[in-house]
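# A structural walkthrough
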Amino acid sequence: SQRLLNETYSSYVQNLLPRYKKPLVDSISNLPVSLVVDQKRIRGNSRSTVGTVTDIYSDLRLLYSRLAKPFIGYSMKYSFNNPECMCQNCQGLGVVKSIDIARLIDFDKSLQEGAIQFPTFQNGGWRLTRYTESGFFDNNKKISDYSAHELDLLLNSPKIKPNNPSANWHKTAKYFGVIPRIMESFVNVEDSKYKKDLEKILITTTCPVCQGARLNNDVLRAKIKSQSIADCCDMDINDLLGFIKDLEDETVEAITHELVAKLKSLRIVGLDYLKLNQPTSTLSGGESQRIKMVKYLNSSLADVIYIFDEPSVGLHPHDIKGITRIFRGIKEKGNSVLFVDHDPDM
């Protein structure tokens, strides 16, 4: 089903999609579009949250653009992915990352002995030559013996052209401090292949400017009943549901109806303890699968087969009832549900 669906896209798009072999069958007829909903954790970058992946945050942005005072503009004004509206200190991430120098540098070693404890900066790594061939340092001198100026030059220097580099220095290359180089090359990019190595040297703290709200002060000043959109994202699902239900305004009835339906769906599958600002990277496999269930329940698609892999794993009996309600809801929209499970209640 997915192979045939993918073939309807352009060659460019097909190259970006998974490849499926032609199945070893004589014939298949009347095959609907099929979606597999497994327990793989939701892959999302650092900007992906429970609110964004369920589209609840989009509805909230629309609500705030209609009701919040003072009026600051349309829904994109409330997006922490919008450069104009995000907190400039954390770039809309809500957290700031810094390097722990004590974990990065072994002060009892020299550059030649591998003092910089990060891949490609140690002996034999090409990035190390950006320091050993710069002409700035005695490569056999322990970092603990560096002067304050030398240490600052090693760690924090902006891009500069060395005055007396070695013969091995690339003519057009610029010298760059270790910390800004790591931040630019590895930290401020998505899907760094050195993720585990970065975890050893990075300190992640709540942004001191926005306090984790991700948005700038102009956006945070716009409120509904004294609550900013960031305040809503920091409520658990039940509290947010109560807040939305208390908004009695006919002009936004369609938006609040949609919000209530989506929030109730999260509660039905036992995810009412979540908050919209929780990063998707922190969700377990089971939580990820239930988030996907809720998303499909609120979808307008019909005539689809949804295939679920052991949806009851690790769940409380009360939550299993909720999942069966979700399945019935998907079915009542004109879809089919196929699932593998070992719990009789399912």
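The structure we're discussing is the one just above.
Let me begin by describing the structure that accompanies this report. (Residues numbered from 1 in each chain as written. Predicted model: local features only at pLDDT ≥ 70, side-chain atom pairs only at ≥ 80, totals over all residues. Heavy atoms only, no water.)

The subject of this paragraph is the pattern of salt bridges. Per the counting criterion, the structure on display carries 11 salt bridges. In this structure, D38 and K292 form a salt bridge, with 3.2 Å as the shortest nitrogen-oxygen distance. Remark: K292 occurs in helix α14 (residues 285-297) and D38 occurs in the loop between β1 (33-37) and α3 (50-53); sequence separation between them is 254 residues. The exposure class of K292 is buried, given its relative accessible area of 18%. We note a salt bridge from D106 to K109, for which the minimum N-O separation is 4.0 Å. One salt-bridge network, held together by shared partners, links D59, E258 and K262. (Salt bridge = Lys/Arg side-chain N within 4 Å of Asp/Glu carboxyl O. Helix = DSSP H or I, 4+ residues; strand = E, 2+ residues; numbered from the N terminus. Buried < 20%, exposed > 50% of the residue type's maximum accessible area, 1.4 Å probe, protein only.)

If you walk across this open sheet you meet the 3 strands as β1-β4-β5, and the pairing is parallel. Two strands bound the open sheet, and with one partner strand each, they are β1 and β5 (336-340). Each adjacent strand pair in this sheet contributes to an overall mean axis angle of 20 degrees, direction not counted. Sheet analysis places β1 next to strand β4 (residues 304-309), joined by 5 bridges and oriented parallel. Residue pairing across strands places V37 opposite F308, the latter belonging to β4. (Pairing = 2+ DSSP bridges. Axes fitted to C-alpha atoms, helices over the stretch in contact; angles between N-to-C directions.)

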